[in-house]
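Observations on the three-dimensional arrangement
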Amino acid sequence: MAIDIRFVSSVTERDIDLLVLEELSVNQEFQDWIVTRTIGPNSFSELLGAWHSVVDSSLGETDIQFLYLSEDGQRIALLIENKISAPPQPAQSIRYRQRGEKGIAEGYWEDFCTVAIAPAKYLASSQHSETYDHELSYEEILAFFSSRRSRDQRFSYRASLVLEAIEQNRRGYQPEQDEDMTSFVAAYYETFSKLVPQLS
């Protein structure tokens, strides 16, 4: 008999970060797909590296940084910002571009593009106020994994995780009450009120 519960209680942006990071690190088919989808066809040649949460002390954080060698021998970076539902930080996409330009100036790559990945609903909303070179929806990533389900159960699992993130965005934030914590806070407040009544 099947258990009627979701396989994961919630999906965080970090969960999707690490899923995408893994695919960019080990799956050449995904590497080629994401480069084709953002830069264009026949661009990807070789993986040079993929990193999570790359922080510049003055320009902030890149969620995922993917560096590859193009077919014409250029080192190209994809600087990826991932969102499920959190609002953007002020001038976030501008700082992504500044980090890309800094990478060129410091000789890490010859070219770059900034990419926002998020549920389609988020990308279409007024909440998505920042401008990136390219946008890639979770639905497109879901389609990539779903079309390969029959080849490997791992693709099926990845599709399920991305689908849950999409559904979570659609449902919106839904806080869950922790009964133990609620009882603790009530008991704490009651005891505090008795011991220090003038502050309650």
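This part takes up the sheet that holds strand E5 (residues 134–137). In space, the five strands of this open sheet follow the order E1-E2-E3-E4-E5, with mixed pairing throughout. In this open sheet, the two strands that pair with only one neighbour each are strand E1 (44–56) and E5. Geometrically, the sheet is characterised by an average inter-axis angle of 25° between neighbouring strands, direction not taken into account. Here E1 runs beside strand E2 (residues 60–70); their pairing, made up of ten bridges, is antiparallel. Bridging from a neighbouring strand, valine 54 pairs with threonine 62 of E2. Most of the contacts of helix H3 (residues 92–105) go to strand E4 (residues 111–118), to which it runs at about 150°, and overall it touches E1, E2, strand E3 (75–82) and E4.

What follows is about the pattern of salt bridges. Charged atoms that come close allow side chains of opposite charge to pair. Taken as a whole and judged by the stated rule, the model has ten salt bridges. Here arginine 158 makes a salt bridge to glutamate 23, at a shortest N to O gap of 2.5 Å. Taken together, the residues span a long stretch of sequence, with arginine 158 in helix H6 (residues 153–171) and glutamate 23 in helix H1 (residues 13–26) at a distance of 135 residues. Across the pair arginine 37 and glutamate 140 runs a salt bridge whose closest N-O atoms are separated by 2.4 Å. Remark: glutamate 140 occurs in helix H5 (residues 138–146) and arginine 37 occurs in helix H2 (residues 28–38); sequence separation between them is 103 residues. Looking at glutamate 140, the relative accessible area reads 25%, which means it is partly exposed. Three or more residues joined by partner-sharing salt bridges are found here, namely Glu22, Glu23 and Arg158.

Calculation notes
Residues numbered from 1 in each chain as written. Predicted model: local features only at pLDDT ≥ 70, side-chain atom pairs only at ≥ 80, totals over all residues. Heavy atoms only, no water. Pairing = 2+ DSSP bridges. Helix = DSSP H or I, 4+ residues; strand = E, 2+ residues; numbered from the N terminus. Axes fitted to C-alpha atoms, helices over the stretch in contact; angles between N-to-C directions. Contact = heavy atoms within 4.5 Å. Salt bridge = Lys/Arg side-chain N within 4 Å of Asp/Glu carboxyl O. Buried < 20%, exposed > 50% of the residue type's maximum accessible area, 1.4 Å probe, protein only.

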